[in-house]
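Residue-level structure breakdown
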Amino acid sequence: MFNQIDLLPDDPIFGLNILFSQDTRPEKVNLGIGAYKDEWGNPVVLSSVRKAEQLLLEQKLDKEYPPMEGVVDFIQTSLKLVFGSNHFLLKDKRIAAIQSVGGTGALRIGAEFYKEIASGPVFLSTPTWPNHLQIFRSAGMQVNFYPYYSEETHGFDFDRMCAAIRTMPPKSLIILHACCHNPTGVDPTFEQWKILSELIKEHQLVPFFDFAYQGFGANLEQDAQAIRLFAEEGHEMFVASSYSKNFGLYGERVGTLAIVTPDASTALKVKSHLKQRIRSSYSMPPLHGARIVSTIVQSLSLQQEWLQELEKMRSRIRNIRKAFVNRLSEAYCALDFSFMNEQLGMFSFSGLDEKQVLALRDQYGIYTPLNGRINVAGLNSSNLDYVVQAVSQIVKS
Ligand code: LMR
C-alpha cells in the first residue's frame, strides 16, 4: 500500500534547522526559524517562566483532564491580553474562545470551523508565513492572495491591498497579521487600519487576525491596536494568538482562538462546534504552558518581571537590527538596507533573492528561508561582522 507514496520536501522554515544541524562549519549562523536567541546565540527561558513553574510545582496540582476548550483561567487571561481587560465583548460574553495548540492550532481550528459554516475562499497576503497556505488548504479551503508588500519601496503596498479588497467576494476570509507582519516586518499605520476596517466591512469580508508577536513590535497594548479597533467597529472576526514568542513557550504549544460573535447565545453555539472539533482531533489541549501564562499574568510581580523581559528581548532585536543596517552601510561598499530599520518584530525582510540566499548558505553557512527573511534575533555581536561581510560579498558579486 505504500508503493505510490512520494517523499515530500521538508518545511521551508523547520527544514532549515535540519540543514543547519548537518552543517559542520563552526562559523555557521542560523537566521531561519523565528525563535528568540540571546546575545550569545542561546535559547532563552524567561526567568518569570521559571518562577511560575516553581510556583506550579509547589502547588502540587493534579494532572486530570482539563475541559475540552482548555484551561479556563488561561483563556480569560489570554482574552484580556488580546482585547484589554474589562472589554465590553468580554463582559457581554460575545467571544467564543478556546485554548489552542499554539498559533498554528488556532488557525487550523478556525479554518475548519469557517469551512463548516461558510463557503467563501480565504485571502492571504503576498508574501506571508508559508504555513498559512498549508493550513487553509488542508482545511479544504480555496486559497487566494492579495498584494501587501512593495518590492520597490520595501514598504506596505496600501493602495494595492485596498484595490484587491474591493474585488474579494463577500464572506471571504481575509488573513491579517495583527502586528510584526511575518515575513516582512512591515505593518499598516493605525490610520491605514481604520480604512482597511471600513473597506473590509463594506465588502462583507471576515477578518481573521494572526497574532503571534504581541509585545515584539511597540508594546503589548499598541501591538493589539488593530484587533481592538476592529472589535470596536463591530466586526465578526477570528483571532489566533500565540504565546510561543512573547513568553518564549515555543515547545509548550500554547495559544488561543477567539471568535467574536454578535451575542452571548451565538458565542455559546460557536464554542460547542469548536469543542467538537477539538474532541475529534486531540480531545483537549495540554495543561502546562497554559498554567504558566495564567500564573504569570495573574501575579503582579511576575507580570512586571515578564514585561521587563519582553522589553529586553524587543530592544535587543531593535538594537541589533540597527547595528546590522549601519555596518552594511558604513563598513562595506555603502549598501543601503536602511528600509530594514522601519521593520518591526523578530524578522527583517532583506530583499535578498533566492540565488543570494542559497549562495549565503553554500558559501558561508548562513541559513535564512528562501524569501530572504532574516531572524534578526539570531544575530549577535559575535556573528554580526561575519554576516555583514558575507551579505556584502554576495550582493556585490
Ligand atoms: C517562523 O515563522 O519562523 C515561526 O513562526 C515558526 C514557525 O512555526 O514557522
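Heads up: the structure comes first, above all this text.
Residues numbered from 1 in each chain as written. Predicted model: local features only at pLDDT ≥ 70, side-chain atom pairs only at ≥ 80, totals over all residues. Heavy atoms only, no water.

**Section: the nonpolar core**
Rule in force here: Note on terminology: a nonpolar core comprises buried Ala, Val, Leu, Ile, Met, Phe, Trp, Tyr and Cys residues joined through side-chain atoms within 4.5 Å. Accessible area is worked out with a 1.4 Å probe on protein chains only. A residue is then buried under 20% of its type maximum, exposed over 50%, and partly exposed in between. A run of H or I in DSSP becomes a helix once it reaches four residues, and a run of E becomes a strand once it reaches two; helices and strands are each numbered from the N terminus. Contacts between residues were defined by any pair of non-hydrogen atoms, one from each residue, lying within 4.5 Å.
Counting 97 residues, the largest nonpolar core has Phe83, Phe209 and Phe324 as its most contacted members. No other element matches helix 13 (residues 300-330), which puts nine residues into this core. Filtering out sequence-adjacent residues up to four positions away, phenylalanine 324 remains in contact with Met340, Ile374, Leu379, Leu384, Val387, Val388 and Val391. In terms of nonpolar packing, the next biggest core, distinct from the first, is built from 32 residues, Ala111, Ala118, Leu124 and Phe208 among them.

**Details of the pattern of salt bridges**
For the record, the criterion: Each salt bridge in this description consists of a side-chain nitrogen of Lys or Arg and a carboxyl oxygen of Asp or Glu lying within 4 Å of one another.
One pass over the full model with this rule turns up 13 salt bridges. The shortest N-O distance in the salt bridge between aspartate 23 and arginine 25 comes to 2.8 Å. A residue is classified by how much of its surface remains accessible, and arginine 25, at 24% relative accessible area, is partly exposed. Here arginine 327 makes a salt bridge to aspartate 385, at a shortest N to O gap of 2.6 Å. Taken together, the positions of arginine 327 in helix 13 and aspartate 385 in helix 15 (residues 384-396) put the pair 58 residues apart, joining distant regions of the chain.

**Side note on the sheet that holds strand 3 (residues 122-126)**
Sheet strands associate in pairs through backbone hydrogen bonding, adopting either a parallel or an antiparallel arrangement. Note the following rule: Two strands pair if DSSP finds at least two bridges between them. In this analysis an axis means a line fitted to C-alpha atoms, helices contributing only their contacting stretch, and an angle means the value between N-to-C directions, from 0 to 180 degrees.
The seven strands lie next to each other as 2-10-9-8-7-3-4, forming an open sheet whose pairing is mixed. Edge strands, defined here as strands with exactly one partner in the open sheet, are strand 2 (95-100) and strand 4 (143-147). Averaged over all adjacent pairs, the angle separating strand axes in this sheet is 25 degrees, with direction ignored. Pairing of strand 7 (residues 173-177) with strand 8 (residues 206-211) involves five bridges; the strand directions are parallel. Residue isoleucine 175 lies in a different strand from strand 8, and its bridge partner there is phenylalanine 208. The sheet strands contacting helix 5 (residues 102-117) are strand 2, strand 7, strand 8, strand 9 (237-242) and strand 10 (255-260), and the helix crosses strand 9 at an angle near 160 degrees.

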